[in-house]
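# What the coordinates show
Listed below, chain by chain, are the residues.
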Amino acid sequence: MTPRPRRGDGEPDGTGGADTDPGVSRPADAPDAPAGPDARTAPDAPDAQACPVGRRCAGPSVTVPPRVAADEPLAVIATGPAGAARRDVLAALLDVVPPTVPMPDDSYLVARYAPEPTRVAFVPGYRQPHAYAIDVLATGPAFPRPPRRVELHLPAPLLRHVALVGAPDTDGLGIAGTRVLREAAGRGGAVLVVVSADQVFTGAELELLSEAARAGLAVFFVVTPGTTGWHGDVTPVAPAPADDSAPADDSASADGRAPADDTARADDTTPVDDATSAHDAAAAGGLPAVGVPPSDPVGLAVQTQRAALLAVVPELAAAPWFPFRPDDVRALRRSLVAWADEEGPRRLATAVPAAPHRTVPVAPDAHGRDWAAGLDRQARAHAQRIRQHLSLELAHIHLRAVQEIVFGSGCVGLPRLLDREAHALSQLATAECDRAVDRMVRDTGTEVLGAPPDDTTYRRMCAAVRSVLAGQRTDRSLERALLVTSAGDLTEVTGAGALAALDGHPGAPRAGVLPPVAVAVAGGCYLHFWGPGSTDPGGARSWLQHVLRELDRELQREISHRIEAVRRALGVVLAEAVDHGILLT
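Worth saying up front: this structure is predicted, and the values here are computed from it rather than measured. The numbers attached to residues start from 1 for each chain and follow its sequence in the written order. Where local features are concerned, this predicted model is filtered to residues with pLDDT of at least 70; where side-chain atom pairs are given and counted, the filter is 80 or more; whole-chain, interface and lining totals use all residues. Excluding hydrogens and water, the side-chain figures rest on all heavy atoms present in the structure.

### Observations concerning the overall build of the chain
- Helical segments are the DSSP runs of H or I of at least four residues, strand segments are the runs of E of at least two, and each set is numbered from the N terminus. When helices and strands are tallied, the chain shows 12 helices and 12 strands.
- By the burial criterion, 49% of the 585 residues in the chain qualify as buried.
- In the chain, of all internal contacts separated by at least 6 residues, the share reaching a separation of at least 24 is 80%.
- To measure how exposed things are, a 1.4 Å probe is used in the Shrake-Rupley method; for residues, cover is taken only from the protein chains shown. For the chain, the exposed surface amounts to about 26200 Å²; the carbon and sulfur share of it is 56%. Exposure is judged per residue with a 1.4 Å probe applied to protein chains only, and the accessible area is read against the type maximum: over 50% gives exposed, under 20% gives buried, and values in between give partly exposed. Between two residues, a contact is recorded if the distance between any of their heavy atoms is within 4.5 Å.

### Thoughts on the pairing of strand β3 (residues 118-122)
- With 4 of its 5 residues buried, β3 lies for the most part within the structure.
- Only when DSSP finds a minimum of two bridges between them are two strands counted as paired. Summarising the sheet, β3 and strand β5 (residues 149-154) pair through 5 bridges and their orientation is antiparallel. For V120, the partnering residue across the bridge sits in β5 and is E151.
- When β3 meets strand β4 (residues 130-131), the two strands line up antiparallel, connected through 2 bridges. Opposite V120, over in β4, you have A131 as the bridge partner.

### Looking at the sheet that holds strand β10 (residues 480-484)
- Overall, mixed pairing links the 3 strands, which are arranged β11-β10-β12 in an open sheet. Two strands lie at the open edges of the sheet, namely β11 (490-494) and β12 (518-521), each paired on one side alone. Along the sheet, successive strands turn relative to each other by an average axial angle of 30°, direction set aside. Angles shown run from 0 to 180 degrees and are taken between the N-to-C directions of axes, each axis being a line fitted to C-alpha atoms and, for helices, limited to the stretch in contact.

### A few points about empty space enclosed by the protein
- Cavity: a set of points on a 1 Å grid over the protein atoms alone where a 1.4 Å probe fits but cannot get out. Pocket: an open set with protein on both sides within 12 Å along at least five of seven lines, its lining residues, like those of a cavity, having an atom within 4 Å of a point. Grid points are joined across faces, edges and corners, and a volume is the space filled by probe spheres set on the points. One pass over the full model with this rule turns up 8 cavities of 30 Å³ or more.
- Roughly 120 Å³ of volume is contained in the largest cavity.
- For the largest cavity, the full set of lining residues is D106, Y108, R148, P168, L173, G177, V180, D419, R420 and H423.
- Looking at the lining of the largest cavity, the elements that each hand over two or more residues are α2 (174-188) and α8 (414-449).

The values are spatial; any link to function lies outside them.
In structure tokens:
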């Protein structure tokens, strides 16, 4: 594997070799926006509205954030490259020792509040989570494959406000892993990027951050010491108060809330203000930046990273930056709590108020309309479109997997890549089915009712369809997880627990009509390719082709079965409505 570039290794601009559009970068003498959480507006925009903490200011060119369910829990997705001590940052925020925070490779860590500490792992192929002790010295069970997620429940005050989600390292995410991370961040609402002082953002990471800025997500940055310390192997030391009568700030409450006043703090863990332009800091190549004393390696490291990022992604000028000290993360914790206190009410305000139950009549000429034939044609068209889309995506997966075998980590990395691809493919298939069901319910409902159904009527129709699906007796369950075996075949595990084990970051209860599509790689594949005698690239490519053919064939049947089941259930609901003249739900 190609080693990750670090600052000073021939790429002083911090772009990681990414192609930078000159039209995006600002002039060298253009002042940056303040980076602290209190600097809510740009200095030259007096009429701009105040921004939430960590979020860029709203303006005419800001992309409207996608709509998120009002009951979706707030979460901060912690991501970043390997070797940046992201585990130490999460442990410091949770006020525990780092060994308490498990972060297996390719697994998501979900930390939530609970009165009693617990730790469970969700492994694809099992209906029940595996619990292991919270003690530091406890090793826990040995899994045949990495868990899809590990849930950590702690009585940490910060978790009362927001959940912390540790994502896998960005170095090995690839296209599929980035899609999964983007979906989780979009639902959570915030991203915490942890990078060391000597690391350089790669092109894929810069693109991910640019997409987060365009989506309106809150972004927080934490800079940790590099392999040689901050700068010249200097260990950061918090300065002593200027006056013995002015003690350090301890005004943060026990639950992590920000203090009532906004006075300056003695510790320098506050967000670093902008002191130099992107051009000056990038061109300095490690030299002291303007406004940062040469004896302050911490501030210099943070400013260098920030300037290099803003040269490529200037939309993140309002994002706060924090230097990391394990014994003092109060400023970062206060910023996360402040964002949660603002985002929570805003998200709840988007909830659709419950409307009183009313009678919904059908169209007077509903009996004469050929809505059933239209529903049948629409179902066939949606199923064909989804099947074609998934077949095309499987072809792309084949190309990426072959590249991994030949030019990447070889045969040993095939199960990890295929599991990431299966995770992203599951989310894609689930979203495609949800959109198809949404169009079927709305279009056919409009045909029968004579007018487009409002939100309340739409939810009633979906609930009726789910009820009919639950009452149907079929040999093929809709709640099934497909697992790729070491022989290249597919096996299934049914039940809600099997589906829950394949979710990397569960959120609000699912509102869709159909259960999610779930595909994963069984533990036997990992053991097969990790063992001796499995280093033949030709054999791995043959196994891969067989797996993708089986997966394509099974997904074709699964999509057809799901769409047909919805067509029949929706037909039953609307037929009863036409017979009785009103919607019977």
